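# Reading the structure
One-letter residues, chain by chain:
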Protein chains: 2
Amino acid sequence: MSQPPEVHSAWLPPSAFRALGSRRIRIEGRGLLVDTVRSEVAQACASFGGRICEPGEPADLVLDASVTSSEGFRIGRLGESTVVAADGPAGLLHGLFEVVRRGEAAFDPALAEERHEPALPLRVLDHWDNVDVHPVMGQVERGYSGGSIFWRNGRLREDLTRVRGYARLLAATGINAVTVNNVNVHTTETHLLTDGLGQVATLAGIFRAYGIRVHLSVNFAAPVILGDLDTADPLDDAVRQWWKRTTERVFEAIPDFGGYLVKADSEGQPGPFTYGRDHADGANMLAAALAPYDAVVRWRAFVYNHRQDWRDRTTDRARAAFDHFAPLDGRFDDNVIVQVKHGPMDFQTREPVSPVLFAMPYTRLAVELQVTQEYTGQQKHVCYLPPMWSSLPLRSAAGLTAVSSVGDDPFWTGHPLAQANLYAVGRLGWNPGLDPLAVLDEWISLTFPGLREVLHDLMDDSWQTYEQYTAPLGVGFMVRPGHHYGPDVDGYEYTPWGTYHFADRDGVGVDRTVATGTGFAGLYPKPFSQLYESRATCPDELLLFFHHVPYDHVLQSGTTVIQHIYDTHFAGAERVAGMRERWLSAAGPVDPAVHARVAERLDEQLRSAEEWRDQINTYFYRKSGIPDAKGRTIH
Amino acid sequence: MSQPPEVHSAWLPPSAFRALGSRRIRIEGRGLLVDTVRSEVAQACASFGGRICEPGEPADLVLDASVTSSEGFRIGRLGESTVVAADGPAGLLHGLFEVVRRGEAAFDPALAEERHEPALPLRVLDHWDNVDVHPVMGQVERGYSGGSIFWRNGRLREDLTRVRGYARLLAATGINAVTVNNVNVHTTETHLLTDGLGQVATLAGIFRAYGIRVHLSVNFAAPVILGDLDTADPLDDAVRQWWKRTTERVFEAIPDFGGYLVKADSEGQPGPFTYGRDHADGANMLAAALAPYDAVVRWRAFVYNHRQDWRDRTTDRARAAFDHFAPLDGRFDDNVIVQVKHGPMDFQTREPVSPVLFAMPYTRLAVELQVTQEYTGQQKHVCYLPPMWSSLPLRSAAGLTAVSSVGDDPFWTGHPLAQANLYAVGRLGWNPGLDPLAVLDEWISLTFPGLREVLHDLMDDSWQTYEQYTAPLGVGFMVRPGHHYGPDVDGYEYTPWGTYHFADRDGVGVDRTVATGTGFAGLYPKPFSQLYESRATCPDELLLFFHHVPYDHVLQSGTTVIQHIYDTHFAGAERVAGMRERWLSAAGPVDPAVHARVAERLDEQLRSAEEWRDQINTYFYRKSGIPDAKGRTIH
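Residues numbered from 1 in each chain as written. Chains lettered and ligands numbered in written order. Predicted model: local features only at pLDDT ≥ 70, side-chain atom pairs only at ≥ 80, totals over all residues. Heavy atoms only, no water.

### Focus: the overall build of chain A
- For chain A, the count of helices and strands is 20 helices and 20 strands.
- With the C-alpha coordinates aligned to their principal axes, the bounding extent of chain A is approximately 80 × 65 × 45 Å.
- Of all 635 residues assigned to chain A, the portion counted as buried reaches 64%.
- The contacts of chain A with a sequence gap of at least 6 include a subset with a gap of at least 24, amounting to 71%.
- Counting only carbon and sulfur atoms, one obtains 50% of the accessible surface of chain A, whose full area is about 22300 Å².
- For chain A, the distance from the average position of its 59 positive side-chain charges to the average position of its 80 negative side-chain charges is 1 Å. (Helix = DSSP H or I, 4+ residues; strand = E, 2+ residues; numbered from the N terminus. Buried < 20%, exposed > 50% of the residue type's maximum accessible area, 1.4 Å probe, protein only. Contact = heavy atoms within 4.5 Å. Areas by Shrake-Rupley, 256 points an atom, 1.4 Å probe, with all protein chains shown as cover. Lys, Arg positive; Asp, Glu negative; His and termini not counted. Charge placed at Lys NZ, Arg CZ, Asp CG, Glu CD.)

See below:
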C-alpha cells in the first residue's frame, strides 16, 4: 500500500493558484488580512511566474480593500484588469479565493460585475475536540479523522502548522469562526476559560491571519467547577460578576474573541434548571458579560429528556426543543443566538426541518449541521451532504454552525471525499442559494481536477444512496447504540433516549399527528402542518417520521411500505457496489495514496451497506411476514 | 446510609467458632497446615474460654492428622471426645471446618462416625483479575465487586491482609486451588510467568497456609510475547525447551505450584491453530513441561467462531466445543485436564449440560461454572445458583472450576447474599451430592444466623425467579451487548457472536434437532438425544434451545409458549417485588450496613426485573400480535 501524503492539500493545491499566479497583480489596502492576501499572491506568483505590481503599473488583477469590517466585495472588469474591490480586508481575502476558484475565467474580458457578500454573518465550525482524551468519547467526540489538530496530551500541540493550514482552507470556503473545544465541556476544558486561556489566545493568533475568530465552549457551572463560587445561578450577583470579570480577561487576551457556545441542561450538562431558572435567564446572563464586546453567546436548543421511559408514548423527543424554546421567543438579548439542530431529533440522515426555525421570529437563530458524519457513515461511507443542507431555511438565519469533521488524519477528514462536505458548508454559509452539485463541482475542480466525471458519479447521489440502505422513510436511528455505526434496528427501541420506531407485526413509524399522535406535526406553520398531518400528503421520505402505518400502506410512489424497504435496500447496496467498481476503474489518473484510501473505504462501505440491507430486510420480513415481491434473498 | 464494615466476616464470623472455642481441644500432627489449625483453634479458644490440651489430658475434641497428602478425614466419637482423624494435614484443616459448621452438634454424644473426602480432587476458583486495568474490561473482567484483591496499579498489592482472609474463607468451603489471573492473558499478565513470578510466589505463600495451591493463566504465545522466540509452535523444539526451562523456574520459586490454565484459539487469544497444530498438541506440550511435577494443564474447551455470519444458519456455536474436542478424546496426556463450561453456550441462566462432558471418556475433564454472575444479575440481583449446578454430572469429573466473584468490596461479592454462591461452589466441589438448599442453610447459619427464614424466602427459588423474568424457555442471551446487563432481545441477533433466537412473527427458538436443524441434539448420548430431539419430550425449560416453535405451541405445562412468556414475566417481577417487601420487613435483627446494601440491590433488582418483563413482553407481543390471555398491561 502506498504511503499517504504527510498532509493532503485538500482544495488548495498549488495548481489551484496557476491562473492567479501567472498574472501581474496589484494589491491595495492595509492590515493583517491584506498582508495575508499579499503573502498568498506572492507565493502563487513564485510558483507560476506572475508578480506583484507597484501602484500605477498595468495589472491583470487589482485587489483593493477599503477599511470597513464588512466581508463583501465586488468583482468585475475595469479596462484590461479584473478588479476585486472589497469593503474591507476580510472581503479582500474572500475576493482572492473567489479569483482562485474561478481560475482562468476570472480573467475573461467578458467577466460580468458581481457583488458578493455573505448571507449569514456568522459561519462557524464547532470542534468537538477534547483537550484530554475522554475515556468513552476519545479525543474528538464523534470524530472519525484521528486526534485533534489543536490538542494533544492534555494541552495545546507544540507544532501548530496544521492549524495554520486549516485556517487557510476554511477561509477559502467562507468560514469566519471556529470553536476550539467540545460542547460537552469536561473539567480540563473548563479551564480554557481561565488559566488555559493562553492556549486559546495562541490559536486565535493563528486563525486571525485568515479572518477567523475563535469561540469557546464554556461550562455553565464554570464558577463552581473552577472552585470560585458555590453556585452558578444566573440571577446571582456574584455569578454575574464572575462571568463579567472572567470575560474581561478573555478579551484582554483575545481582543477579537468571538463568543461562548453553551450546551446547558442537555444530556447531563449543567444549566440554569438547577437553580429554577430558564434558558433565557442563563443565556442573558452570559450575554450581559459579553455585551461590551462584539461577540455572541450561542445557546444550543438541543434540550430533551434523555432519561425517558420507552413505555411512555406521550413524550416525544422531537417536540422537546420547541417546547423548551418557542415560549421564550423575544426574551433573549440581542447578542444571544439560539443554535438549533437542523432537524428535531439528532442529525439523522433524513429529518424534517426543525419547527423551532419557524417559531421564534423575535430571536436570532443559527442552524446547526453535522459535517462530521456521525449518523451518515462516519467518513467510512461516501455521503455528500449538501443536497440535504440546501433544503434548510438558511437565508433567514443569523448563522450557520457545523460540527467539524477534521482531525490529524493526513487527508484531514479520514475519507478524502469527505473533504467535500467541509468545503461545501462554508460555501453554503456564504451563499445558501448555491446549487449543491455546483459546489461539488467547484470542490472537485480545485481538489481532484482530473476526476470530475468519476467523482460526480460517486458523489452526486451519495446521500440518497446512503439513505436507501439505512433506516427507511425518515424513521431514523436503527443504529448500534453508543458508537452509532452500523445497523441495530431495535438498538434504541427500549432505551431512555426517546428514539423509537414502534415496529410491530402490523406496521412501523411514529404517530406524530395532531389527530391521534404526539401533536408534533402541529408545531409547523401551515401549509407544512397540514402536509405532514395527513398520510396522503406527507412526503414519502418522511412518512414514518410522522405516521405509524401498516406495512402494506401504499406510498405516493405507488409501492407499499414493505416493498419500498426491500427495494431501496437492495438498490442502495447495489449502488454502492457500482460506486466501488467505478472507483477501481478510475485507477489511472489518481494519486495512488488517494486511490488506496478511497478504495479501502469503499470496501468497508460495501460490506456495511450489505449488512444494513440484510439486517433491515430480515428484521422487517420477520416482523411483517410479507415476502419480497421480486423473490430476492432475505435471510 | 450506614457505613459498611471494612471487611465483612462472611461465613466465618467469630460467633461461628463458639462451640469449638469453648472446648478442650487436643491437636496432634505436624506441619504448616497443622500449625494453621492450631492457630485457628487458639484464636477461637481465646474468644470463648476453651483451651488447647496437652497430650494425655482429657479433651472434648481431638484433632489428629496422619501424614498422607489425602484431604480426607473421619469424624466420630471416642469415649467422651469428638475425634477428627485426618489422613493428613489438609484433611485436618477440612475436618476443623466440619466441626465449625456443625457447631454444638459436633459434640453430641450420639454423633455417628462419618468419613469425608472430596469427590473431586481439584476444586479451583479462577480469578479473571487483570494486573493492569484493562481499557474495556476493567481490572476484574466480568467482576462486580470492585477491584482485585491481588493486584493494584499494575502489580501486587502492598497490603495482602484480604488475601489471607480470602484463603481462610475458601479453605472453609473446601476449595484447594486458585488461579490468580485472567484467562485472557494480556501483556503485563504474561510476565507473571517469568519476571513477575516473585509476586505469584508471594500469593502462593499466603494461600499455602490454607492448603490452597496457586495456578497461573498463561498466554500460549508467551515465548513470542516475552521476546524470546519468534514462534510458539508446540511441536518446535525450542518452544518445548522454553516452556520446560520456564516451568523449572516456576517450581524453583513455588515448589507446590498447581499448574497452568490456558484459553487458546478462543475469542482472539493465541493458540496452536496458528501453527497448524491442534488442541492436543498444544496442551500436551505444556503437559510435558509440567510432567516432572505434581501439577496440571487446564485447557479450556471454550473454543468457537466468534466471527460468525448471522445469515449462516448452518453454523451452531453450541456444537463448537464438541466438534473441536470430542475427536481428540484419548490424545491428551494424563496431566491435562480439559476444562468444559457447564453448558454448550456461555454461562446462561438455563442451558442443557454440555455434551462434551459425555463425549470424552478417555480424557480428564473439569466442569467450569461462573460464580461471578455475568448473565445472572451481576450481583445486583439475588440469584442463588447451586440448584442449577447440582444438575451437572460432577461426580465423574476430575475437577470443579469456577470463575470467582470476589473483589475488594467490603462484602467480598458486592451483593452480600452473593457470598452464598461462593460458599456453595466449594462445598459442592467437595461433595456434589449435597442438597443445594441444605448448603444454603449451612451458609445462612454461619453467616446470618438470625435470618434463616427471611433468607430462605429470598434465596431458595431465586434462580428460578431470575429465569422467569429474563430470556424464556432456554433461549438465552437477549442481553445488552458488551456489558451483558439488562434486556435487549435483538442485541445479539444480528452480530457475529453466534447467539441467536430467530424470533419472527410466527415463532421463536433455535432448531438444533438432527431431523431439521443443526444436529446438536444428536451429540448427546441416549436417552438425552431422543428426549431433546422431540418437541413433545424436550423439557419445557429447554424447548427454545432445541426447537423453533410457533407462539401457540402448547408446552408440556399445558400453556402456550407466548402465554408462558407473559405469565412467567409477570410472575417473576412480582416475586421480586415480594422479595423486596420481605427484606424491608426484616429490618429488625439485621446489621444496618447489610440491610442497607441488600435493600439497595433489591431496589435495582425490582427496577431491572420490571424492565425485563416489559421489554420481553412488549417485544413478543409486537412480534406475535397475540394478546395476554389475562389482559395485563403490555406496552
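### Things to note about the UniProt feature "domain: Glycosyl hydrolase family 67 catalytic" (unreviewed entry) in chain A
- Per the UniProt annotation, the sites labelled "domain: Glycosyl hydrolase family 67 catalytic" (unreviewed entry) are residues 114-391 of chain A.
- With 27% helix and 18% strand, residues 114-391 of chain A has its two end C-alpha atoms placed 25 Å apart. (UniProt positions renumbered as here; feature names shortened; annotations may be inferred.)

### Let's talk about the relation of the copies chain A and chain B
- The operation relating chain A to chain B is a screw motion whose rotation component is 180 degrees, with 0.0 Å of axial translation and a residual RMSD of 0.0 Å. The relationship between the two copies is best expressed as a two-fold rotation axis.
- Here 100% of the contact residues of chain A are again contact residues in chain B; the copies associate through an equivalent surface. (Least-squares fit on C-alpha atoms with pLDDT ≥ 70 in both.)

### Comments concerning the side chain of A:Gln379
Residue and element names in this part refer to chain A.
- Here Gln379 is to be found in the loop between β17 (364-370) and α12 (386-389).
- We classify Gln379 as buried; its relative accessible area is 0%.
- Polar side-chain contacts of Gln379 include one of 3.1 Å to the side chain of Ser145.
- Discounting chain neighbours no more than four positions away, the residues touching Gln379 are Tyr144, Ser145, Val371, Thr372, Gln373, Ser405, Thr413, His415, Ala418 and Arg601. (Polar contact = N/O pair within 3.5 Å; in protein donor to acceptor, adjacent residues only side chain to side chain.)

### Examining the sheet that holds strand β7 (residues 122-126) of chain A
Residue and element names in this part refer to chain A.
- Strand order in the closed barrel made by the 8 strands is β7-β12-β13-β14-β15-β16-β17-β18, with parallel pairing throughout. Neighbour-to-neighbour, the strand axes of this sheet turn through a mean angle of 25 degrees, independent of strand direction.
- By the bridge criterion, 5 bridges tie β7 to strand β18 (residues 399-403) in an arrangement that is parallel. Paired with Leu125 across the bridge in β18 is Ala402. (Pairing = 2+ DSSP bridges. Axes fitted to C-alpha atoms, helices over the stretch in contact; angles between N-to-C directions.)

### Comments concerning the interface of chain A and chain B
- Counting residues at the interface gives 26 residues for chain A and 27 residues for chain B.
- Of the roughly 2400 Å² buried at the junction of chain A and chain B (both faces included), carbon and sulfur atoms supply 44%.
- Applying the counting criterion to the chain A and chain B interface returns 6 salt bridges.
- Here A:Glu611 makes a salt bridge to B:Arg311, at a shortest N to O gap of 3.1 Å.
- In this assembly, chain A and chain B are joined by 21 residue pairs in polar contact (both at pLDDT 80 or more).
- Of the residues belonging to the side of chain A that touches chain B, the class tally is 6 nonpolar, 7 polar and 13 charged. (Buried area = accessible area lost by both parts, 1.4 Å probe. Salt bridge = Lys/Arg side-chain N within 4 Å of Asp/Glu carboxyl O. Nonpolar A, V, L, I, M, F, W, Y, C, P; charged D, E, K, R; others polar.)

### Looking at the side chain of A:Ser81
Residue and element names in this part refer to chain A.
- With respect to the helices and strands, Ser81 occurs in strand β5 (residues 81-86).
- Residue Ser81 is classed as buried on the basis of its relative accessible area, which comes to 12%.
- A distance of 2.4 Å separates the side chain of Ser81 from the backbone oxygen of Ala59, its partner in a polar contact.
- Look past the residues within four positions of Ser81 in its chain and what remains in contact with it is Ala59, Asp60, Val62 and Gly76.

### Some remarks on the domain arrangement of chain A
All names here are of chain A.
- Domain boundaries in chain A define domain 1 (14-116), domain 2 (122-447) and domain 3 (467-510 + 548-624).
- A C-alpha centroid distance of 32 Å is found between domain 1 and domain 2.
- Interface of domain 1 and domain 2: buried area, both sides summed, is about 1300 Å²; carbon and sulfur atoms make up 59% of it.
- Our enumeration of links across domain 1 and domain 2 arrives at 3 salt bridges.
- For Glu40, the salt bridge is made with Arg168, and the minimal N-O distance between the two is 2.6 Å.
- Connecting domain 1 to domain 2 are 6 residue pairs in polar contact (both at pLDDT 80 or more).
- Of all elements in the fold, only α2 (32-48) and α3 (89-102) reach the threshold of two or more residues within the side of domain 1 that touches domain 2.
- In terms of residue count, the dominant contributor to the side of domain 1 that touches domain 2 is α3 (5 residues). (Domains from an automatic or database assignment.)

### Focus: the pairing of strand β3 (residues 61-65) of chain A
All names here are of chain A.
- Taken across its 5 residues, β3 has 4 buried, putting it largely inside the fold.
- In terms of strand pairing, β3 meets β5 through 5 bridges, oriented parallel. Following the sheet pairing, Asp64 is matched in β5 by Ala85.

### Some thoughts on the pattern of salt bridges
- Under the defined criterion, the tally for this structure stands at 96 salt bridges over all chains.
- A salt bridge links A:Glu600 to A:Arg601; the nearest nitrogen and oxygen atoms lie 3.5 Å apart.
- A:Glu600 gets classed as partly exposed once you look at its relative accessible area, which sits at 35%.
- Classification of A:Arg601 by relative accessible area gives buried; the value is 14%.
- Residues B:Arg512 and B:Asp316 are paired through a salt bridge, measuring 2.9 Å at the closest nitrogen-oxygen approach.

### Quick notes on the packing of helix α14 (residues 436-447) of chain B against helix α15 (residues 452-459) of chain B
Residue and element names in this part refer to chain B.
- Close contact between α14 and α15 brings their axes to 10 Å; oriented N to C, the two are set at 140 degrees. Relative to α15, α14 is oriented oblique. The two elements α14 and α15 cross, and the hand of that crossing is right-handed. On the side of α14, the interface is formed by Leu437, Leu440, Asp441, Trp443, Ile444 and Ser445, while α15 contributes Arg452, Leu455, His456 and Met459.
- Here the contact of α14 with α15 is composed, by residue class, of 6 nonpolar, 2 polar and 2 charged. (Parallel < 35°, antiparallel > 145°, perpendicular 65-115°, else oblique. Left-handed = near helix turned anticlockwise from the far one by under 90°.)

### Comments concerning unusual backbone geometry
Residues and elements named next belong to chain A.
- The peptide bond linking Lys526 to Pro527 adopts the cis configuration, its omega dihedral lying at 5 degrees.
- With respect to the helices and strands, Pro527 occurs in the loop between β19 (507-508) and α17 (528-533).
- Positive phi outside glycine occurs at Glu267, with the angle close to 50 degrees.
- Counting through the fold element by element, Glu267 comes out in the loop between β14 (259-262) and α9 (279-290).
- What makes Glu267 partly exposed here is its relative accessible area of 28%.

### A word on the sheet that holds strand β2 (residues 51-52) of chain B
All names here are of chain B.
- The 6 strands lie next to each other as β2-β1-β3-β5-β4-β6, forming an open sheet whose pairing is mixed. Looking along the sheet, the strands with just one partner apiece sit at the ends: β2 and β6 (114-116).
- In this sheet, strand β3 (residues 61-65) lies alongside strand β1 (residues 24-28) in parallel orientation, the contact comprising 4 bridges. Note on β3: the bridge partner recorded for Arg26 is Val62.
- Across the face of the sheet, helix α2 (residues 32-48) comes into contact with β1, β2 and β3 while running at roughly 170 degrees to β1.

### A look at the packing of aromatic side chains
- For the coordinates displayed, the defined rule picks out 66 aromatic pairs over all chains.
- Considering the side-chain rings of A:Phe358 and A:Phe528, the 6.0 Å spacing of their centres and the 15 degrees angle between planes classify their relative orientation as stacked. Of the two residues, A:Phe358 sits in helix α11 (residues 356-359) while A:Phe528 sits in helix α17, which places them 170 residues apart along the sequence.
- Using a relative accessible area of 34% as the deciding quantity, one classes A:Phe528 as partly exposed.
- Here the aromatic rings of B:Phe150 and B:Phe207 are separated by 6.0 Å at their centres, their planes lie at 80 degrees, and the arrangement is edge-to-face. Residue B:Phe150 is found in the loop between β9 (138-140) and β10 (151-152), and its partner B:Phe207 is found in helix α6 (residues 197-208); the two are separated by 57 residues along the sequence. In this structure, B:Phe150 and B:Phe207 share a single accessibility class: buried.
- Among the aromatic residues, those joined into a ring-pair cluster are A:Phe358, A:Phe520, A:Tyr524, A:Phe528, A:Tyr532, A:Phe545 and A:Phe546.
- Over the ring of A:Tyr304 we find A:Arg317, and its NZ or CZ is 3.7 Å from the ring centre. (Phe/Tyr/Trp six-rings, centres within 6.5 Å; stacked < 30°, edge-to-face > 60°. Lys NZ or Arg CZ within 6 Å of the ring centre and 35° of its normal.)

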